Every structure is written in structure tokens, then in C-alpha cells.
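# Structural overview for review
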Number of protein chains: 2
Amino acid sequence: MSLALAFPKAVDISPLRHFVTALGTVLSETDDEDLILVRGSGLLADLVAHDDWLPAAFAIPHPDYYRQYLLHCDSRERFSVVAFIWGPGQSTPIHDHRVWGLVGILRGEELVEKFERDEDGRLARVGQVQRLRPGEVDILSPRIGDVHRVSNGLPHAVSVSIHVYGANIGAVERAVFDLDGTARPFISGYANDVVPNIWDRSKSL
Amino acid sequence: MSLALAFPKAVDISPLRHFVTALGTVLSETDDEDLILVRGSGLLADLVAHDDWLPAAFAIPHPDYYRQYLLHCDSRERFSVVAFIWGPGQSTPIHDHRVWGLVGILRGEELVEKFERDEDGRLARVGQVQRLRPGEVDILSPRIGDVHRVSNGLPHAVSVSIHVYGANIGAVERAVFDLDGTARPFISGYANDVVPNIWDRSKSL
Ligand SMILES: [Fe+3]
Ligand SMILES: [Fe+3]
Ligand SMILES: [Mg+2]
């Protein structure tokens, strides 16, 4: 065992494996987005119901900005699962996604502000700021609105959310926005060169 | 970027991503095993034609025994891709697979001995020992015979082969055999707790 490829502390990552397999099965059975969002929400709610499976190496915040750790990407990029790690005070720019998405809170709290364009092309906030708590799941889609800004809801602690998208989200060409509506190209990438091996049933990670 | 999750040396891992996506597409189009083996062999031959994409962290031999590093597993465990790293003198026991498989040589040489049961239930070697060289691909299937022993073909150097199976091979309940035909249960597992992130198009690994 190479030390660099082993974790110092063991967790049982099987809930993530079960989620991936179950969502892969949903996507092989339907391409109806409403059905994917309904079934996917239920599966993600199960995954974030217990905060006991994410290896600590994938929950390390950056001091200056939020981090996106890829946890799994489907062979044909039909979906990806990403851990977002929010340090105190950290937030995204206003951005879009271009594909369906699910956001489940694993730890801490997340604030979500949704936006749409008004008649001048400026971005206007839609509805109240949502505060999501552990176990809660939010959905997004270009059909129902997928422009938002997300922030850590805790001023003095790290929050962790699990995001699922209908593509390899780190490679999607999308946009960040100023409030005046100016769009700039955005490809998020990922913070990590290695993802967890969720497939070894002979041990926990 | 957490140091533990980053590689010291960059390679362009995109050939592996292209292989995974292409094989995922083949499997979404057919479940005919002959067709999978034919198309998969062609894709694997392309992948092992150039030894320039495997991150060094996944090619480190163990001093005492051959190593299996998982490189990718499909969301629904329809296939897995594994790097086998052979130190000098290392070989597998005689074993089976229970699913289709493809073996492509990336670096060095591999010796393959195939076996089947004779009328007493003992294992007898079938045909000559095959010596596989870089770029060559061998196939196996329970239908055509999937009991073999594989060894490093180089007495003084490390060899590396890329294996592809029609399941999450590290979790398959299969068997190792003595020459008298005695079978013992075998689940191979994997050497690595993390697999390469092949999905970040914004950088090389
Ligand atoms: Fe977002
Ligand atoms: Fe084998
Ligand atoms: Mg898949």
C-alpha cells in the first residue's frame, strides 16, 4: 500500500457507493428530467441523512475560497457527485449550471439565493434567501431556473454539501454573472487529482 | 489544493478518460459479449499503444507481490479498469474471473498460462505459455476459458498491464486453484483508497 494513496482514518464509504449505483440505475431507466429529479432527491436525502461516510481528506476547506472535490463521475458523464466545502464567510459568485442539479446538506448550513433576469437584462433575486439544513435537498434545472449564489450559512464553522449534476459539472462550459447581467465564461474544474475508491468492498476507507 | 490529494508529477490522463467513455458507450449499445470483446479489444489496444498517461502514483510496485490499482469503476459496476503492477519474479496464483476480461500490456512483458480441468478434475495447462508485449491485448471469458496464471515476463524490471473486466472485479467472489483442482474462495480487493480523477479537463494530472 502506497501511503500517498491510503487514508489515515477509516470511514465506511458504502453509502456513497449505494447512492451512485442507485442513481446510475435511475438514469438507465428514464431520461425524464422530472422523474430523475424526484427519484434523485429521494436518494440524495438518504445519503445526507447521516454524516458518517465522507473521508476527512475530501472535507478539508481552503482558507480563501470554497472547494469542489469530485467524488464520482459516471463513465459516460451522465452525472457527477461533488462535495462542496465551505469555510466561514465563503460563497460562490452568481452562476448557472446548464444541467439539472441536486444539492443536499451533509454538515452545517447553506444559504441559497436564486436569480432571474428582469426586463433590462439585470439579475433580480427571486423569492427569499433559503437556509438549508442537514438532510435537506434543493433542486435546480435550466427549465425551472438554475442561476443562483450559494454561501456558507454558518459564520464560524465549516459547512459541507453534496451536489449532484446531470453532467461532468467540472468540465461544463457555463457562466458567472454580475448583478448588471454581464456573463463571463466559467469552467469550474475540481480541487482534487484523486477521488475516493468507493468500490472496494473488502475494507472501509 | 490538499497536498495529499495532488500528484507530484503531471501526465495527461485524457487517453484513459476517452477509453472509459468509449467503453461505457459500447456497453450502453450492446450486451452481446462477442461484440463487447471485439470493440473493447480495439479500444484497449489504442489505450496501451502509448505509455504516457498512467500517473506514477498508480505504477508503484510492492516488493513482495503484484498490485492491483483500480483506475475506474462504472457507476453500475458494468465494468472496471485496473492497473496491474508486476515486480520482478511476481505472479498470480491460478485463478478464475467469472466475467469477461481484457488484458493489455502497457509496459514490460507478461506471461500467461491458461488452464482447464481434465477428466480427474485436475488443472491441466492448455496450449503454450503466451508472452504478451507492449500494445498487445488478450481476452478471456467464462465461455472460452477464464482460468489462468499471469506472471511478470521480465526477470529484472517492473511490468505494467491494464485489465478491464465486465464487473467491479475487486468485489467479485471467485476462486484460486491448486493444480490438483482444489478451489478456494478469492475476493481480490484493490491496493488503493483513491483512484485518479480522470474528469478534470481544466488540467493534466
Ligand atoms: Fe451552483
Ligand atoms: Fe486474471
Ligand atoms: Mg456508467
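What you see is a predicted model; the values in this text were computed from it and never measured. (Residues numbered from 1 in each chain as written. Chains lettered and ligands numbered in written order. Predicted model: local features only at pLDDT ≥ 70, side-chain atom pairs only at ≥ 80, totals over all residues. Heavy atoms only, no water.)

## So, the packing of aromatic side chains
Residue and element names in this part refer to chain B.
- Applying the stated rule across the entire model yields eight aromatic pairs over all chains.
- For the pair phenylalanine 58 and tyrosine 69, a centre-to-centre distance of 6.0 Å together with 85° between the ring planes defines the contact as edge-to-face. With phenylalanine 58 in the loop between α2 (33–48) and β1 (67–73) and tyrosine 69 in strand β1, the pair connects residues that are eleven residues apart, well separated along the chain.
- Plain terms: the ring middles of tyrosine 66 and phenylalanine 84 are 5.9 Å apart, the flat faces sit at 10° to each other, and that makes the pair stacked. With tyrosine 66 in the loop between α2 and β1 and phenylalanine 84 in strand β2 (residues 80–86), the pair connects residues that are 18 residues apart, well separated along the chain. (Phe/Tyr/Trp six-rings, centres within 6.5 Å; stacked < 30°, edge-to-face > 60°. Helix = DSSP H or I, 4+ residues; strand = E, 2+ residues; numbered from the N terminus.)

## Regarding the interface of chain A and chain B
- On the side of chain B, 43 residues touch chain A, which itself brings 43 residues to the contact.
- Here chain A packs against chain B, burying approximately 3,600 Å² in sum over the two surfaces, 51% of which is carbon and sulfur.
- Close ionic contact of Glu77(A) with Arg201(B) constitutes a salt bridge, the shortest N to O distance being 2.7 Å.
- At the junction of chain A with chain B, the criterion picks out 17 residue pairs in polar contact (both at pLDDT 80 or more).
- Of all the elements in the fold, those that place two or more residues in the side of chain A that touches chain B are α1 (14–29), β1 (67–73) and β12 (194–196) of chain A.
- Across the side of chain A that touches chain B, the residue classes tally to 21 nonpolar, 13 polar and nine charged.
- Strand direction decides the pairing type here: β12(A) and strand β12 (residues 194–196) of chain B, joined by three bridges, are antiparallel. Paired with Pro196(A) across the two strands is Val194(B), which belongs to β12(B). (Contact = heavy atoms within 4.5 Å. Buried area = accessible area lost by both parts, 1.4 Å probe. Salt bridge = Lys/Arg side-chain N within 4 Å of Asp/Glu carboxyl O. Polar contact = N/O pair within 3.5 Å; in protein donor to acceptor, adjacent residues only side chain to side chain. Nonpolar A, V, L, I, M, F, W, Y, C, P; charged D, E, K, R; others polar. Pairing = 2+ DSSP bridges.)

## Some remarks on the packing of helix α1 (residues 14–29) of chain B against α2(B)
Residues and elements named next belong to chain B.
- Two elements in contact, α1 and α2, have axes separated by 10 Å at closest approach and are oriented at 175°. Relative to α2, the element α1 lies roughly antiparallel. Contact residues: α1 offers Pro15, Leu16, Phe19, Ala22, Leu23, Val26, Leu27 and Glu29, while α2 offers Ile36, Arg39, Gly40, Leu43, Leu44 and Leu47.
- Broken down by class, the residue content of the contact of α1 with α2 amounts to eleven nonpolar, one polar and two charged. (Axes fitted to C-alpha atoms, helices over the stretch in contact; angles between N-to-C directions. Parallel < 35°, antiparallel > 145°, perpendicular 65-115°, else oblique.)

## Re the pattern of salt bridges
- Tallying each qualifying case throughout the model produces 26 salt bridges over all chains.
- Of the charged contacts, one joins Asp178(A) and Arg184(A) as a salt bridge, the two residues approaching to 2.7 Å between their closest N and O atoms.
- A salt bridge links Arg98(B) to Asp96(B), with the nearest nitrogen and oxygen atoms 2.8 Å apart.
- Among the charged side chains, a network of salt bridges with common partners joins Glu33(A), Asp34(A) and Arg143(A).

## Focus: the relation of the copies chain A and chain B
- With an RMSD of 0.0 Å, chain A superimposes on chain B once it is rotated by 180° and translated 0.0 Å along the axis. With respect to symmetry, the two chain copies, as superposed, fit the operation of a two-fold axis.
- An overlap of 100% is found between the interface residues of chain A and their copies at the interface of chain B, pointing to a shared contact surface. (Least-squares fit on C-alpha atoms with pLDDT ≥ 70 in both.)

## Overview of the coordination of the iron ion (ligand 2)
Residue and element names in this part refer to chain B.
- Listed as protein donors to the iron ion (ligand 2) are His95 (NE2), His97 (NE2) and His148 (NE2); their distances from the metal cover 2.1 Å.
- Within one chain, the residues donating to the iron ion (ligand 2) are spaced in sequence as H-x1-H-x50-H. One end of the pair, histidine 97, is in the loop between β3 (94–95) and β4 (101–107); the other, histidine 148, is in strand β8 (residues 148–152), with 51 residues separating them in the sequence.
- According to the relative accessible area criterion, histidine 148 is buried, its value standing at 4%. (Donors = N, O, S within 2.8 Å, 3.2 Å for Na, K, Ca; no water. Buried < 20%, exposed > 50% of the residue type's maximum accessible area, 1.4 Å probe, protein only.)

## A few points about the UniProt feature "binding site: Fe cation" (unreviewed entry) in chain A
Residues and elements named next belong to chain A.
- Mapped onto this numbering, the UniProt entry gives "binding site: Fe cation" (unreviewed entry) at His95, His97 and His148. In sequence the annotated residues extend across 54 residues, while in space they remain close, none of their C-alpha pairs exceeding 9.2 Å.
- Inspection of the secondary structure puts histidine 95 in strand β3 (residues 94–95).
- If sequence neighbours within four positions are ignored, histidine 95 has contacts with Asp146, Val147, His148, Arg174, Ala175, Val176, Phe177 and Phe186.
- Of note is the side chain of histidine 95, whose polar atom sits 3.5 Å from the side chain of threonine 92. (UniProt positions renumbered as here; feature names shortened; annotations may be inferred.)

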